[in-house]
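Structural overview for review
Residues per chain, in single letters:
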Amino acid sequence: MDYKRYIAKHLTIEGISEEEIAEAVAVPPNTDMGDYALPCFKFAKFMRKSPVQIAEDLKNAYPADEVISEVSAVNGYLNFKVNRKGLAKDVLERIGREGERYGAFDLGGGKVICLDYSSVNIAKPFHIGHLSTTVLGGALYRIFNFLGYKAVGINHLGDYGTQFGKLISAYNRWGNKELIEQGGIRALNELYVRFHREAEKHPELEDEARAYFKKIEDGDKECLALFDWFKELTLKDVNKVYERLGIKFDSYAGESFYQDKMQPVVDELREKGLLKESRGAQIVDLEEYGMSPCIILKSDGSSLYATRDMAAAIYRKQTYDFEKCLYVVAYQQNLHFKQFFKVLELMGKEWAKDLVHVAYGMVSLEDGAMSTRKGNVIFLEDVINQCVEKAYRIIDEKNAALENKADVAEKVGVGAVVFGALYNSKIKDIVFSYDKALNFDGETSVYVQYTCARAASVLAKAAAAGYKSSDEVCEPSAQEFELLKALASFPDCVQAAASAYEPSYIARFCVDTAQKFNKFYLDCKILQAEDETRAFRLRLTQATLTTLKNALGLLGIAVPEKM
Ligand code: ARG
């Protein structure tokens, strides 16, 4: 039952659609007044009546029915109390029926959403700065698929540019096969760092690097083979992390993929009279729009990040005919996205409006000292490992006899890292703290996971005792009703998360629902209750577990059976 819609259906406000009324119906923070409320202020001007009068009139016109048990008009609000038993029946039936699909809805009708996320750079460390784009993108990918869209996950690899010439030069000078095979990305990165150090003293190295890059571009076999090998090594390394985080991609078409697709873009820009020369470079002037120019070609004729992004956007539109193309990239790149979106618009691509920069804030570690062995790069894999290790220690302390401790620790540790990045509104900078992320009583994934394990344990005990849940419902107590309402709000929450590109809504839903379940669990006896009540409470417990699993699943967090 969609209560907002139901209420809207039974209200008539001339000149305002049912849709608009449904959108205006809200869940008040204080439920004493009602479970739903319609603020009438926004209609006052339009209806030429005071909000108080509007609420009063609407109340008098509202038909009595089974679903809404009470309608009241208070200070310009129209408040609704729902029939609690009706709500209980409704929600529990729906969750029972839909199971793993509870919360899903065919909103997308198969339309494509391209999602550009994680987008790592070849031969560069996969570091804590990639955490948010990776897990936000992964969550949005699952959320859109859950809502009937066809999400296309794209890892726009950073695999193009003079840095690869530098890397080959460094490898040929100081590297060898074994070193790289053993050291992976870390070893490659060290070579790269060394190149910069040496190039300060020997600037001629820069020329060598440029020559190597030119060779890659010209398809020189040896250079390409090295480059492909570096790419393979990088992907092997990051894939280990992706696997642990449950992250998938449909395409790894990176920047180099667009090498032969940029010339047509440059030609089109020129034809449309958008290109201008500025100090030897080719640019699109964006002064009129309050932005610095978008540089398309450098004075030596080489392309830029923006050029490749434009070619990529055009390619994606042609290939996938997306409804939207989302770029989950840090806010530091705001200008870059604004610029090339604008240039595409100026080129007359009407779909430029469907490109969205989903910007997010920075992640840093609370304990700065906890960085990797050398330098100040913090590898994401190290953060995950640390978190899993700490989780293991805590679990071992709390429940030494638990089976599969390592497996549980992996789920808890990985969950803590993911949840840490998803709990706050994405644009906020985050300071990640291992201790806070692993607090069993905090606003954390482990708290939610523990709640699930608690629910599962109650259900297992009930099954062992031969207790059945039933299709009947009881009149819900206050705690039960709060929990039921939370469960009922899940489908709305998923849709809101999708339209705001905010997986944090779902993360917050998890904590809120877990808190309500725990209140119910502590205040209401489940197993010791009388038959009918017990059956109802078991069903509510099962519904909570199903819903929380679905919610955590969308975020990419697994639920251990026991903890
Ligand atoms: N590789 C880039 C970086 O690390 C991110 C790429 C984001 N995607 C894009 N289409 N520009 O900064």
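Each remark here, short or long, concerns the structure printed above.
Residues numbered from 1 in each chain as written. Predicted model: local features only at pLDDT ≥ 70, side-chain atom pairs only at ≥ 80, totals over all residues. Heavy atoms only, no water.

**A short note on the site of the ligand**
Filter applied, for reference: Near, as used in this document, describes a residue that has one of its heavy atoms within 4 Å of the molecule or strand being considered. Any N or O atom pair separated by 3.5 Å or less is treated as a polar contact, with the protein-specific requirement of one donor-capable and one acceptor-capable atom, and with residues adjacent in sequence counted only for side-chain atom pairs. Residue-level accessible areas treat just the shown protein chains as cover; the underlying method is Shrake-Rupley with a 1.4 Å probe. Only protein atoms enter the 1 Å grid used here, on which a cavity is any set of points holding a 1.4 Å probe that cannot leave and a pocket is any open set flanked by protein within 12 Å on both sides along at least five of seven lines; residues with an atom within 4 Å of a point are listed as lining. To be counted as sitting in a cavity or pocket, a molecule needs more than half of its atoms within 2 Å of that site's grid points. We count a stretch as a helix when DSSP gives it H or I for four or more residues in a row; a strand needs E for two or more, and each element gets its number in order from the N terminus. Residue polarity follows a fixed list, in which Ala, Val, Leu, Ile, Met, Phe, Trp, Tyr, Cys and Pro are nonpolar, Asp, Glu, Lys and Arg are charged, and the others, Gly among them, are polar.
Lining the immediate environment of the ligand, one finds Asp116, Ser119, Asn121, His156, Tyr305, Asp309, Tyr327, Val329, Gln333 and Phe337. Take Asn121: an N or O atom from its side chain is 2.8 Å from a nitrogen atom of the ligand. For the ligand, whose free accessible area comes to 350 Å², the fraction covered by protein is 85%. When each cavity is represented as a set of grid points, the ligand is found to reside in the second largest pocket. Looking at the shell around the ligand, the elements that each hand over two or more residues are helix 12 (305–320) and strand 9 (324–330). Residues of the shell around the ligand, tallied by class, amount to four nonpolar, four polar and two charged.

**Description of the pairing of strand 9**
Counted only if it meets this: When accessible area is computed with a 1.4 Å probe and restricted to protein chains, residues below 20% of their type maximum are described as buried, those above 50% as exposed, and intermediate ones as partly exposed. Pairs of strands are assigned from DSSP output, requiring at least two bridges between the strands. Handedness of a crossover: with both strands directed away from the viewer, a clockwise path from the first strand across the helix to the second marks it as right-handed.
Within strand 9, six of the seven residues are buried, which leaves it mostly tucked inside the rest of the structure. In this structure, strand 9 lies alongside strand 10 (residues 355–360), joined through six bridges in parallel fashion. Across the sheet, the residue bridging to Tyr327 is His357, located in strand 10. At this point the chain moves from strand 9, through helix 13 (residues 334–346), to the parallel strand 10, and the crossover so formed is right-handed.

**Regarding helix 11 (residues 263–271)**
Just so we agree on the cut-off: Each direction from the helix axis to a C-beta atom contributes to the arc, which is the arc of those directions. A contact between two residues is defined here by any heavy atoms of the two lying within 4.5 Å.
Along helix 11, the residues classified as buried are Val265, Val266, Glu268 and Leu269. Down the axis of helix 11, the sector holding all buried residues measures 165°, keeping them to one side. Considering only its buried residues, helix 11 is in contact with strand 6 (275–278), strand 7 (281–284), strand 8 (294–297), helix 12 and helix 13. Note on helix 11: the residue one or two positions beyond its end, Gly273, has a positive phi of about 70°.

**Some details on helix 17 (residues 445–464)**
Which entries qualify depends on this criterion: Expected helix span is given by 1.5 Å per residue-to-residue step, counting one fewer step than there are residues.
Taking 1.5 Å of rise per residue, 20 residues should cover 28 Å, and helix 17 covers 28 Å from first to last C-alpha, within 8% of that figure. Along helix 17, the positions that sit buried rather than exposed are Ser445, Val446, Tyr447, Val448, Gln449, Thr451, Cys452, Ala453, Ala455, Val458, Leu459 and Ala462. Phi turns positive one or two residues past the end of helix 17, at Gly466, with a value near 80°.

**As for the pattern of salt bridges**
Selection rule: In the sections that follow, a salt bridge refers to a side-chain nitrogen of Lys or Arg positioned within 4 Å of a carboxyl oxygen of Asp or Glu.
With the rule as written, the count across this model stands at 37 salt bridges. Between Glu323 and Lys111 there is a salt bridge, with the nearest N and O atoms lying 3.9 Å from each other. One end of the pair, Glu323, is in the loop between helix 12 and strand 9; the other, Lys111, is in the loop between helix 5 (84–98) and strand 4 (112–116), and 212 residues separate them in sequence. Relative accessible area serves as the criterion here: at 32%, Glu323 is assigned to the partly exposed category. With its nearest N and O atoms 3.6 Å apart, the salt bridge here joins Glu502 to Lys426. Of the two residues, Glu502 sits in the loop between helix 19 (490–500) and helix 20 (504–523) while Lys426 sits in the loop between helix 15 (405–422) and strand 12 (430–432), which places them 76 residues apart along the sequence.

**Things to note about the pairing of strand 5 (residues 150–154)**
By the criterion of burial, strand 5 is predominantly enclosed, with four of the five residues buried. Across five bridges, the pairing between strand 4 and strand 5 is parallel. Within strand 5, the position partnered with Ile113 by the bridge is Ala151. Handedness of the crossover joining strand 4 and strand 5 through helix 6 (residues 131–146) is recorded here as right-handed.

**A few points about the nonpolar core**
Soluble, globular proteins show a tendency: their nonpolar side chains are buried together. Heads up, the rule is: For the purposes of this section, nonpolar cores are sets of buried Ala, Val, Leu, Ile, Met, Phe, Trp, Tyr and Cys residues that join through side-chain atoms within 4.5 Å.
With 200 residues, the main nonpolar core has Leu38, Leu269, Leu344 and Ile506 as its most contacted residues. When neighbours within four sequence positions are excluded, Ile506 is seen to be in contact with Ile143, Phe490, Cys493, Val494, Ala497, Ala551, Leu554 and Leu555.

**What about the packing of helix 7 (residues 162–174) against helix 9 (residues 204–217)?**
We apply this condition: Lines fitted to C-alpha atoms define the axes, with helix axes restricted to the stretch in contact, and inter-axis angles between N-to-C directions lie between 0 and 180 degrees. If an angle is under 35 degrees, it is roughly parallel; if it is over 145, roughly antiparallel; if it lies from 65 to 115, roughly perpendicular; otherwise it is oblique. For any helix crossing, the convention is left-handed if the near helix is rotated counterclockwise from the far helix by under a right angle, and right-handed if that rotation is clockwise.
Packing of helix 7 against helix 9 leaves a shortest axis separation of 7 Å and a crossing angle of 110°. In terms of axis orientation, helix 7 runs roughly perpendicular to helix 9. Considering only the axes of helix 7 and helix 9, their crossing is right-handed. Counted together, Thr162, Phe164, Gly165, Lys166, Ile168, Ser169, Asn172, Arg173 and Trp174 of helix 7 and Leu205, Glu206, Glu208, Ala209, Arg210, Tyr212, Phe213 and Ile216 of helix 9 form the full contact between these two elements. The residue makeup of the contact of helix 7 with helix 9, split by class, is eight nonpolar, four polar and five charged.

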